[in-house]
Amino acid sequence: RKRVGILISGRGSNMSALIAAAQAPDYPAEIVGVLSNRAAAAGLVTAAEHGIATASLAQSKFPSRDMFEDVMTQTLESWDVDYVCLAGFMRILGADFVNHWAGRMINIHPSLLPLYKGLDTHARALADGAATHGCTVHFVTPGLDEGAPILQAQVPVLPGDTPDSLAARVLVQEHRIYPEALRLLASGQIAALT
Ligand code: GAR
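Residues numbered from 1 in each chain as written. Predicted model: local features only at pLDDT ≥ 70, side-chain atom pairs only at ≥ 80, totals over all residues. Heavy atoms only, no water.

- As named in an unreviewed UniProt entry, the protein chain is Phosphoribosylglycinamide formyltransferase, taken from Devosia litorisediminis.
- The UniProt entry for the protein chain carries the following comment under Catalytic activity (unreviewed entry): "N(1)-(5-phospho-beta-D-ribosyl)glycinamide + (6R)-10-formyltetrahydrofolate = N(2)-formyl-N(1)-(5-phospho-beta-D-ribosyl)glycinamide + (6S)-5,6,7,8-tetrahydrofolate + H(+)".
- UniProt's Function (unreviewed entry) comment on the protein chain is quoted here verbatim: "Catalyzes the transfer of a formyl group from 10-formyltetrahydrofolate to 5-phospho-ribosyl-glycinamide (GAR), producing 5-phospho-ribosyl-N-formylglycinamide (FGAR) and tetrahydrofolate." (UniProt positions renumbered as here; feature names shortened; annotations may be inferred.)

Structure (structure tokens):
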């Protein structure tokens, strides 16, 4: 089984979906560590309850982003990970860190990329009057939310939707496609062209 580290900043519901999927004996990956850039991230508690190694690193305690990211890489490598999953990790990553993990790091983003890169995706889709919205799992490259997509899922935008109601509908699909995308990667069924 491939070894996977997850980076989070908060709730960690996608992290939980990956942990749950990896409990199946035929799943090709195991979650071996969870790293948060916020000590208060609820996901750290969940991971620890599952007996998974955890670490918390505050970027503000480091002299530079590069030094913070070097320690993130050292932490991930101390867990001997093959792949890194970003799951609600809300910091933009520098090119050196991203290139170090090229082809081995994936992210889930709450929009149908290339639409709505960045933040506030649900509110922006609603403001545009979009009829459909969704989520994307993609390889991470230095350009924000620009790497090759692996899987997407669509949901309808319904009359009366708010950013929260739309986010909840999308999140159900995130929890479905993220474990499936990691399965494809860890089993060697897909690879980045880098
Ligand atoms: C998820 O909706 C994820 O797609 C999004 O943050 C949420 C994290 O929730 N990620 C981004 O916006 C990345 N820019 P979770 O902590 O419960 O998985």
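1. Re the pattern of salt bridges
Then comes step 1: Counted by the stated rule, this structure contains four salt bridges.
Then comes step 2: A salt bridge links Glu-69 to Arg-65, with the nearest nitrogen and oxygen atoms 3.8 Å apart. On the criterion of helical spacing, the pair formed by Glu-69 and Arg-65 is a turn pair, its members being four residues apart in helix α3 (residues 65-78).
Then comes step 3: For Glu-69, a relative accessible area of 2% corresponds to the buried category.
Then comes step 4: Between Glu-180 and Arg-183 there is a salt bridge; the shortest N-O distance is 3.4 Å. Residue Glu-180 and its partner Arg-183 are located together in helix α6 (residues 163-186), separated by three residues, close to a single helical turn.
Then comes step 5: Overall, the relative accessible area of 28% leaves Arg-183 in the partly exposed class. (Salt bridge = Lys/Arg side-chain N within 4 Å of Asp/Glu carboxyl O. Helix = DSSP H or I, 4+ residues; strand = E, 2+ residues; numbered from the N terminus. Buried < 20%, exposed > 50% of the residue type's maximum accessible area, 1.4 Å probe, protein only.)

2. Comments concerning α6
Then comes step 1: With 24 residues, α6 ought to run about 34 Å at 1.5 Å a step, and its terminal C-alpha atoms sit 33 Å apart, in line with that.
Then comes step 2: Just beyond α6, the residue with positive phi is Gly-188, at close to 80 degrees. (Expected span 1.5 Å × (residues − 1).)

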